[in-house]
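The residues making up each chain are set out below.
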Amino acid sequence: MPSHTFSILSAIADPKVFGRHFTAESWKPWLAFLAVLFGLPMTPDQAAVFRKCTGRTDTPTDPFNEAWLICGRRSGKSFVLATVAVFLACFRDFRPFLQAGERGTVMIVAADRKQARTIFRYVVGLLEATPMLAALIQRKTLDSIDLSNGITIEIHTASYKTTRGYTIVAALLDEIAFWDAEDSANPDGEVINAVRAGMATIDGAVMMVASSPFAKAGELHQAFKRYHAENGAPVLVWRAPTWIMNPTLPRTGPFLTRAFERDPSRAAAEYCAEFRENEEAYVTRTSLDDVTDRSVRSRPPNLSLRYAAFTDMAGGSGKDSATLAIAHMEGNRAVLDVVLERRPRFDPEAVAAEFAETTKTFGINEVTGDAWAGEWPRRAFAANGVHYRVFYLSKSAIYAALIPAINSQRVLLLDDDRLLSQLSGLQRRVTAGGRETIDHGPRAHDDVANAAAGALVAVLRGTRRPFVVAPPRLLDLSGEAIDDA
């Protein structure tokens, strides 16, 4: 590899290059990372940051051609990746390794083009803010920049098919823990293999992979397990919470405090850079106890309130129950009023009629649910004067929306054993592609939990007021109508 007297830290210290962008003291942890990445001497303070973030006790002196950044959100990693890309593209001479007419590529890879453009915009900004670098630009499009030194900086999506065939001088892989399963069962591995092949003939090529973590699966977690805290490892793995790399976001500040109150498991991954368990409990029983109205099994209708009804219907002959829940808002808290469950075997037409009459007692003639059984729920409820509307969130998304409200005590549940048991039995599962699903465990059920969560999320999300029955009909315990007068 050719020697370089002008280092990336020199460029950052020079106000005519990157200096104006790194004046804040908060960038110091990133200078430690860059010193390690490029094999530059470290100060004692930088060495301390290196040991904290890598778990290593050695002192590397050679540059790394592969680095994995496992850092919390808002830590500044995208801007640092862009800075490395511009430095390599403009200050490192790759022409000895390129054939006549061949261009070297600085490849920015993300789950989609929109996400990749975050780094690309930083790249454009760094180039255009510095006259000596701006002079290198020959051609610029929405997705690429051609430089006069034979280097192209361009955006790619996370597909091994579209990243093959390039001569790669640098690759920046952004948020790899959240790439979707696009082309294979292990798309992140396929893309990395394609990138490494493209770098094979380039001395001094660098691959940087940056992401906040998610599941204990995929290439990000494999790199962490293999190289983190390993002295002498040829691959640099740098793991740090947000507040280490970005001290302007303090650990005890209101932003992080609210994030941990809303969803501790997700916040630990996003800001503490902790990998999540592939399966974990949806909510603790203690959290449920804190939002349960003890000894209250149901609440009577109050026609001055606005209610939302949610149903999870079933066919009556299988193992699933048909359920209905009704909720309303009191201030900023969603209050559960009614949960009904009809276990199999039952007549689904009769249950639909019963649920329709119950919603009418609360002054509403609309119920939401999923797309189960196609048109049948619509017809069954319509026959009883109630409009059935398919809810816009999936069951898993409903549960995901409810958990912050539980943790921040913005819901009030009924003291219903089936409801509390099913909620506490839900499991959160995460995949290597960053997808989270929430559902019941094997041989378990969540019909009651699904209806209650749907009703609560509906009122928390501020759905439009349901159609009102005029005049409202109240029913006595026998099901007979009571004269409203």
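Given the structure is predicted, the values throughout are model-derived calculations rather than measurements.

In space, the eight strands of this open sheet follow the order β3-β4-β5-β2-β6-β7-β1-β8, with mixed pairing throughout. Single-partner strands in this sheet number two, and they are β3 (137-140) and β8 (236-240). Neighbour-to-neighbour, the strand axes of this sheet turn through a mean angle of 15 degrees, independent of strand direction. With five bridges connecting them, strand β1 (residues 66-71) and β8 associate as parallel partners. Among the inter-strand pairings, isoleucine 70 is bridged to a residue of β8, identified as arginine 239. Lying over the sheet, helix α4 (residues 77-91) contacts β1, β2 (104-110), β4 (144-147), β5 (151-157), β6 (168-174) and β7 (206-211), oriented at roughly 170 degrees with respect to β7.

Moving on, we come to the pairing of strand β11 (residues 307-312). Judged by how many residues are buried, β11 sits mostly within the fold: six of six residues are covered. A two-sided burial pattern is seen for β11, the buried positions comprising Tyr307, Ala309 and Thr311 on one face and Ala308, Phe310 and Asp312 on the other. Bridge count for β11 against strand β12 (residues 322-330) is six bridges, and the pairing is antiparallel. Its bridge partner lying in β12, threonine 311 is registered against leucine 324.

What follows deals with the pattern of salt bridges. Between side chains of opposite charge, pairing is possible as soon as their charged atoms come close. A complete count under the given rule lists 24 salt bridges for this structure. The partner of aspartate 93 in a salt bridge is arginine 95, and the shortest N-O contact between them spans 3.0 Å. Here aspartate 93 falls in the partly exposed class, since its relative accessible area comes to 36%. Overall, the relative accessible area of 54% leaves arginine 95 in the exposed class. Ionic pairing is found between arginine 297 and aspartate 415, a salt bridge with its closest N-O pair at 3.5 Å. Within this pair, whereas arginine 297 is found in the loop between β10 (292-293) and β11, its partner aspartate 415 is found in the loop between β16 (411-414) and α16 (417-425), the two being separated by 118 residues in sequence. Taking relative accessible area as the criterion, aspartate 415 reaches 10% and is therefore assigned buried. Salt bridges sharing common partners tie together Arg285, Asp289, Arg294, Arg297 and Asp415.

Here the focus is the side chain of serine 212. With respect to the secondary-structure elements, serine 212 resides in the loop between β7 and α8 (218-227). Residue serine 212 is classed as buried on the basis of its relative accessible area of 2%. Setting aside anything within four residues of it in sequence, one finds serine 212 in contact with Cys71, Arg73, Lys77, Glu175, Ala177, Phe178, Leu220, Ala269 and Glu270.

Here the focus is the packing of helix α10 (residues 254-262) against helix α11 (residues 264-272). The contact between α10 and α11 brings their axes to 6 Å, and the two run at 140 degrees. In terms of axis orientation, α10 runs oblique to α11. Contacts from Phe255, Leu256, Ala259, Phe260 and Arg262 of α10 reach α11 at Pro264, Ala267, Ala268, Tyr271 and Cys272. The class makeup of the residues in the contact of α10 with α11 is nine nonpolar, no polar and one charged.

Looking at the protein chain as a whole, the pLDDT averages 87, with 91% of positions reaching at least 70. Counting interchain partners and residues more than four positions distant, the pLDDT-below-50 stretch residues 181-186 has 10 contacts. Taken together, the stretch residues 463-485 has pLDDT below 50 and engages in 37 contacts with residues farther than four places along the chain or on a different chain.

Examined against the element boundaries, aspartate 146 turns out to sit in strand β4. Judged by relative accessible area, which is 16%, aspartate 146 ranks as buried. Dropping the residues within four chain positions of it, aspartate 146 is found in contact with Arg103, Leu136, Ile137, Gln138, Arg139, Ile151 and Thr152.

As a further point, take the environment of alanine 325. For alanine 325, the position within the fold is in strand β12. A residue is classified by how much of its surface remains accessible, and alanine 325, at 0% relative accessible area, is buried. Placed 126 residues apart in sequence, alanine 325 and alanine 451 show a C-alpha to C-alpha distance of 5.3 Å. The contact partners of alanine 325, leaving out residues within four places of it in the chain, are Ala308, Ala309, Phe310, Leu336, Val338, Val339, Ala451, Ala452 and Ala455.

With that settled, the discussion passes to the packing of aromatic side chains. Considering all chains together, one arrives at 16 aromatic pairs under this definition. Between phenylalanine 391 and tyrosine 392, the ring centres sit 4.8 Å apart and the planes meet at 50 degrees, which makes this aromatic pair tilted. Here the aromatic cluster, defined as three or more aromatic residues joined through ring pairs, consists of Phe6, Phe38, Phe87 and Phe91. The positively charged end of arginine 276 is found above the aromatic ring belonging to phenylalanine 214, 5.1 Å away from the centroid.

This paragraph deals with the nonpolar core. Ranked by internal contacts, the top residues of the largest apolar core, which has 93 residues, are Phe18, Phe33, Leu37, Trp68, Val123 and Trp238. Discounting residues that sit within four places of it in the chain, leucine 37 has contacts with Pro63, Phe64, Ala67, Val84, Met208 and Leu236. By size, the runner-up hydrophobic cluster in this structure holds 38 residues, among which are Val283, Leu288, Leu336 and Leu419.

Here is what the cut-offs are and how they apply
- The residue numbering used here restarts from 1 in each chain and proceeds along that chain's sequence as written.
- Side-chain atom pairs in this predicted model are given and counted only at pLDDT of 80 or more, local residue features only at pLDDT of at least 70, and totals for whole chains, interfaces and linings cover all residues.
- The side-chain numbers reported here are obtained from all heavy atoms of the structure, hydrogens and water having been left aside.
- Paired strands, as defined in this entry, are two strands with at least two bridges between them according to DSSP.
- Helix and strand labels come from DSSP, where a helix needs a run of H or I of at least four residues and a strand needs a run of E of at least two; each type is numbered from the N terminus.
- Here an axis means a line fitted to C-alpha atoms, over the contact stretch when the element is a helix, while the angle between two N-to-C directions is reported on a 0 to 180 degree scale.
- Residue contacts follow a heavy-atom distance rule, with two residues in contact if any of their heavy atoms lie within 4.5 Å.
- Think of it in three bands: residues with accessible area under 20% of the maximum for their type are buried, residues over 50% are exposed, and the middle band is partly exposed, with areas taken using a 1.4 Å probe on protein chains only.
- Put simply, a salt bridge is a Lys or Arg side-chain nitrogen that is within 4 Å of an Asp or Glu carboxyl oxygen.
- In what follows, roughly perpendicular refers to angles from 65 to 115 degrees, roughly parallel to angles under 35, roughly antiparallel to angles over 145, and oblique to any angle outside these ranges.
- When residues are sorted by character, Ala, Val, Leu, Ile, Met, Phe, Trp, Tyr, Cys and Pro go into the nonpolar class, Asp, Glu, Lys and Arg into the charged class, and all the rest, Gly among them, into the polar class.
- Per-residue confidence from the predictor is reported as pLDDT, which spans 0 to 100.
- Think of it this way: a Phe, Tyr or Trp ring, Trp meaning its six-membered ring, pairs with another when their centres are within 6.5 Å, and the plane angle makes it stacked under 30 degrees, edge-to-face over 60, tilted otherwise.
- Our definition puts a charge over a ring when NZ of Lys or CZ of Arg is within 6 Å of the ring centre and also within 35 degrees of the ring normal.
- To form a nonpolar core, buried Ala, Val, Leu, Ile, Met, Phe, Trp, Tyr and Cys residues must be joined to one another through side-chain atoms within 4.5 Å.

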